[in-house]
Amino acid sequence: MTSPFDPDDPQPLHHLGGDADQALEAVERVLDWYRSRLAAARAGTHDPAQVDAWRAGRDQALDDLDQLEDADEDETVQIALVYATRLRELNQS
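Quick caveat: nothing in here was measured; it's all calculated off a predicted structure. (Residues numbered from 1 in each chain as written. Predicted model: local features only at pLDDT ≥ 70, side-chain atom pairs only at ≥ 80, totals over all residues. Heavy atoms only, no water.)

Asker: What is the right way to look at the packing of helix 1 (residues 18-43) against helix 2 (residues 48-68) in this model?
Answerer: How two helices pack is summed up by the angle between their axes together with the distance between the axes. As a packed pair, helix 1 and helix 2 sit with axes 9 Å apart at the nearest point and diverge in direction by 155 degrees. One way to sum up the angle between helix 1 and helix 2 is to call them roughly antiparallel. Once helix 1 is placed against helix 2, the crossing between them reads as left-handed. For the pair helix 1 and helix 2, the contacting residues are A23, L24, V27, E28, L31, W33, Y34, R35, R37, L38 and A41 in the first and V51, W54, R55, G57, R58, A61, L62, L65 and L68 in the second. In the contact of helix 1 with helix 2, the residues fall into 14 nonpolar, one polar and five charged. (Axes fitted to C-alpha atoms, helices over the stretch in contact; angles between N-to-C directions. Helix = DSSP H or I, 4+ residues; strand = E, 2+ residues; numbered from the N terminus. Parallel < 35°, antiparallel > 145°, perpendicular 65-115°, else oblique. Left-handed = near helix turned anticlockwise from the far one by under 90°. Contact = heavy atoms within 4.5 Å. Nonpolar A, V, L, I, M, F, W, Y, C, P; charged D, E, K, R; others polar.)

What follows is the structure, given as structure tokens:
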């Protein structure tokens, strides 16, 4: 069985919970990833450019989370797909 966040799934958002719930969860999971890296950066030494990139990614995810409130169905699906892909990439890095 594929994950509801697997962009290779031919119908990744056709699971229980609806598109909006799937998109919200995908964005929140990416936000959690960035927040955990930023918390670790405060506790140790990290490349400042990397920390800046994490902050930019977090800020973009927060903006997209706000956008979900008023997004139509197509925008919601697009955001969900973008964040499903981003989460997979972040977890592989």
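Asker: What is the right way to read the packing of aromatic side chains from this model?
Answerer: A ring pair, where both rings are aromatic, is described by two values, the distance of the centres and the angle of the planes. Applying the stated criterion across every chain, the model contains two aromatic pairs. Ring geometry for W33 versus Y34: centroids 5.3 Å apart, planes at 90 degrees, classification edge-to-face. Between W33 and W54, the ring centres sit 6.4 Å apart and the planes meet at 85 degrees, which makes this aromatic pair edge-to-face. With W33 in helix 1 and W54 in helix 2, this pair connects stretches of sequence that are 21 residues apart. Looking at W33, the relative accessible area reads 9%, which means it is buried. Members of the aromatic cluster, each reached through a chain of ring pairs, are W33, Y34 and W54. Between the NZ or CZ atom of R86 and the centre of the ring of Y83, over which it lies, the distance is 4.6 Å. (Phe/Tyr/Trp six-rings, centres within 6.5 Å; stacked < 30°, edge-to-face > 60°. Buried < 20%, exposed > 50% of the residue type's maximum accessible area, 1.4 Å probe, protein only. Lys NZ or Arg CZ within 6 Å of the ring centre and 35° of its normal.)

Asker: Looking at this structure, how should I read the pattern of salt bridges?
Answerer: Two side chains that carry opposite charge are able to pair once their charged atoms sit near each other. As enumerated under the stated definition, the model contains two salt bridges in all. The salt bridge partner of R55 is D52, with a shortest N-O separation of 3.6 Å. Linking R55 with D52, this pair stays in helix 2, spanning three residues, or about one helical turn. The class of R55 is partly exposed, set by a relative accessible area of 39%. Among the ionic pairs, R58 bridges to D59, the shortest N-O distance being 3.1 Å. Classification of D59 as partly exposed rests on a relative accessible area of 36%. (Salt bridge = Lys/Arg side-chain N within 4 Å of Asp/Glu carboxyl O.)

Asker: In this structure, what is going on with the packing of helix 1 against helix 3 (residues 73-92)? I would like to understand it.
Answerer: For the pair helix 1 and helix 3, the least separation of the axes is 8 Å and the interaxial angle reads 35 degrees. Considering only the axes of helix 1 and helix 3, their crossing is left-handed. Between helix 1 and helix 3, the contacting residues are D19, A20, A23, A26, V27, R29, V30, W33 and Y34 on the first element and E73, T76, V77, I79, A80, Y83, A84, R86, L87, L90 and N91 on the second. When the residues that make up the contact of helix 1 with helix 3 are grouped by side-chain class, the tally is 14 nonpolar, two polar and four charged.

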